[in-house]
Amino acid sequence: MTSFVDLRPQRAMGNTAFSLASQIWGRTAAAVQGLAQRRANALADERFLERARRDPRLLAELQAAIARHQFTS
């Protein structure tokens, strides 16, 4: 007597697990990329502010931009 084992449900579970792992990996990669971008922006802001502290013209432009922003908000 020969027994027949249907492997289709196991394959479907494997595909589902792969899909879930792929989604988790994609979300994790996007989160890490976003974190890296925010850190790069923060470092650029820090460098800009340090330069503005040493350059009176740049500091005046920065203060004018801040004043314009506060006026429109």
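Criteria and thresholds
- Residues numbered from 1 in each chain as written.
- Predicted model: local features only at pLDDT ≥ 70, side-chain atom pairs only at ≥ 80, totals over all residues.
- Heavy atoms only, no water.
- Helix = DSSP H or I, 4+ residues; strand = E, 2+ residues; numbered from the N terminus.
- Buried < 20%, exposed > 50% of the residue type's maximum accessible area, 1.4 Å probe, protein only.
- Areas by Shrake-Rupley, 256 points an atom, 1.4 Å probe, with all protein chains shown as cover.
- Expected span 1.5 Å × (residues − 1).
- Polar contact = N/O pair within 3.5 Å; in protein donor to acceptor, adjacent residues only side chain to side chain.
- Salt bridge = Lys/Arg side-chain N within 4 Å of Asp/Glu carboxyl O.

Draft legend 1. Local environment of the overall build of the protein. For the protein, the helix and strand inventory stands at two helices and zero strands. For the protein, the proportion of its 73 residues judged to be buried stands at 5%. Looking at the protein as shown, the accessible area adds up to about 7,000 Å², and 61% of this sits on carbon and sulfur atoms.

Draft legend 2. Highlighting helix 2 (residues 56-72). With 17 residues, helix 2 should cover 24 Å at 1.5 Å per step; its first-to-last C-alpha distance of 24 Å lies within 8% of that length. The backbone nitrogen of Arg57 lies 3.1 Å from a side-chain oxygen of the residue at the head of helix 2, namely Asp55.

Draft legend 3. A look at the pattern of salt bridges. All chains considered together, the criterion is met by three salt bridges. In this structure, the salt-bridge partner of Glu50 is Arg53, at a minimum N-O distance of 3.2 Å. In this pair, Glu50 and Arg53 both sit in helix 1 (residues 8-54), three residues apart, roughly one turn of the helix. For Asp55, the salt bridge identified is with Arg57, shortest N-O distance 3.6 Å. Overlapping salt bridges, with partners in common, bring together Glu50, Arg53 and Arg54 in one network.

The values are spatial; any link to function lies outside them.
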